[in-house]
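Report on the structure
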Amino acid sequence: NAGVTQTPKFRILKIGQSMTLQCTQDMNHNYMYWYRQDPGMGLKLIYYSVGAGITDKGEVPNGYNVSRSTTEDFPLRLELAAPSQTSVYFCASLRQNSPLHFGNGTRLTVT
Amino acid sequence: GIQVEQSPPDLILQEGANSTLRCNFSDSVNNLQWFHQNPWGQLINLFYIPSGTKQNGRLSATTVATERYSLLYISSSQTTDSGVYFCAGSTQGGSEKLVFGKGTKLTVNP
């Protein structure tokens, strides 16, 4: 049981490039989340999903897109990378009324 | 949306001391959880505690849902307790849109 797996662990992008952060969970959790954490700050919710085919915006969705075609996978897409998107990105999942489980994060730098 | 306020923002302790961290919510909240982020950046779930009291070793948590707050108690602190403690919750309604506080940074000195 791997839990929540995020890839890649690190990535450097140039301004204007695009990339997809991958997230997969093997716990059959309905709910999945993407958060970003800027240095020394708390976690801000980007997008979340309550099940396959259903996604909704969080607190800071601008510049990002998500999809949820399966229960297991919840990729996060950055279309036109900007320096303001330099951050650590965490994916997480849970079953309703149960603890939230985090992946180990992806450290993204946009230069 | 729901606002989550944590206090204190920073806390420095000597090893062996006890501490209490607080989390206040602007609205009725369910799905309340506490997390520890270690110095390597990993986020570990400490408690899922929508109401009542739970204990796990030297750590315990109490949530008073009707008064919109939760407390995390750390007893006999150790240097390995250092890191940032976050609480999170979602409003009633089942959307599970979990919002985090800004955290309490704990430093335990030997």
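Summarised in this report is the structure supplied together with it. Here the structure is a predicted model, which is why all the values come from computation and not from measurement. (Residues numbered from 1 in each chain as written. Chains lettered and ligands numbered in written order. Predicted model: local features only at pLDDT ≥ 70, side-chain atom pairs only at ≥ 80, totals over all residues. Heavy atoms only, no water.)

1. Remarks on the pattern of salt bridges
Counted only if it meets this: When a carboxyl oxygen of Asp or Glu is within 4 Å of a side-chain nitrogen of Lys or Arg, the pair counts as a salt bridge.
Overall, the coordinates contain three salt bridges over all chains when judged by the stated rule. Between Arg36(A) and Asp38(A) there is a salt bridge, and its shortest N-O distance comes to 2.8 Å.

2. So, the interface of chain A and chain B
What counts here: The criterion used for residue contact is that any of the two residues' heavy atoms lie within 4.5 Å. Buried area is calculated as the accessible area (1.4 Å probe) missing from two parts once they are joined, with the contributions of both summed. Only DSSP runs of H or I covering at least 4 residues are called helices, and only runs of E covering at least 2 are called strands; the numbering of each starts at the N terminus.
Contacts between the two partners involve 22 residues from chain A, matched on the other side by 19 residues from chain B. Summed over both partners, the interface of chain A with chain B comes to about 1,600 Å²; 57% of that surface belongs to carbon and sulfur atoms. Considering only the side of chain A, the residues that lose the most area to chain B are Leu43(A), Leu100(A) and Phe102(A), jointly responsible for 25% of the buried surface there. If you look at where chain A meets chain B, you find zero salt bridges. Listing elements by their share of the side of chain A that touches chain B, those giving two or more residues are β4 (31-37), β5 (43-51) and β9 (87-94) of chain A.

3. Quick notes on the side chain of Ser19(B)
All names here are of chain B. Here is the rule: Think of it in three bands: with a 1.4 Å probe and only protein chains considered, a residue is buried below 20% of the maximum accessible area for its type, exposed above 50%, and partly exposed in between.
Along the chain, Ser 19 turns up in strand β3 (residues 19-25). The exposure class of Ser 19 is buried, given its relative accessible area of 7%. Those residues within four positions of Ser 19 in sequence are excluded, and the remaining contacts are Leu 11, Leu 13, Leu 72, Tyr 73 and Ile 74.

4. Section: the environment of Gly105(A)
Residues and elements named next belong to chain A. Assignment of secondary structure puts Gly 105 in the loop between β10 (101-102) and β11 (106-110). Relative accessible area serves as the criterion here: at 9%, Gly 105 is assigned to the buried category. As for Gly 105 and Phe 90, which are separated by 15 residues in sequence, their C-alpha atoms are 4.5 Å apart. Those residues within four positions of Gly 105 in sequence are excluded, and the remaining contacts are Gln 6, Pro 8, Lys 9, Tyr 89 and Phe 90.

5. A few points about the sheet that holds strand β8 (residues 69-74) of chain B
Residues and elements named next belong to chain B. Quick note on the threshold: Strand pairing is defined by DSSP finding a minimum of two bridges between the two strands. Axes, fitted as lines to C-alpha atoms, cover a helix only where it is in contact. Angles between the N-to-C directions of the axes lie from 0 to 180 degrees.
Read from one edge of the open sheet, five strands run β1-β3-β8-β7-β6, paired in antiparallel fashion. The open sheet is flanked by β1 (4-7) and β6 (52-56), the only strands paired with a single partner. Averaged over all pairs of adjacent strands, the angle between strand axes in this sheet comes to 15°, irrespective of strand direction. Of the strand pairs in this sheet, β1 and β3 are connected by four bridges, and their pairing is antiparallel. In the sheet register, Ser 7 faces β3, and the bridge partner there is Arg 22.

6. A short note on the state of the cysteines
Our working definition: For this text, the term disulfide refers to a pair of cysteine sulfurs within 2.5 Å.
One pass over the full model with this rule turns up two disulfides over all chains. Two residues, Cys23(A) and Cys91(A), share a disulfide whose sulfurs are 1.8 Å apart. Torsion about the S-S bond of the Cys23(A) and Cys91(A) cystine: about -70°, corresponding to left-handed handedness. A residue pair is termed long-range when its members are at least 10 positions apart, and Cys23(A) in strand β3 (residues 19-25) and Cys91(A) in strand β9 qualify at 68 residues. An identical accessibility class is assigned to Cys23(A) and Cys91(A); each is buried. Across a sulfur-sulfur distance of 1.9 Å, Cys23(B) and Cys87(B) are joined as a disulfide pair. Where Cys23(B) bonds to Cys87(B) through sulfur, the torsion about that S-S bond is close to 75°, and the disulfide is right-handed.

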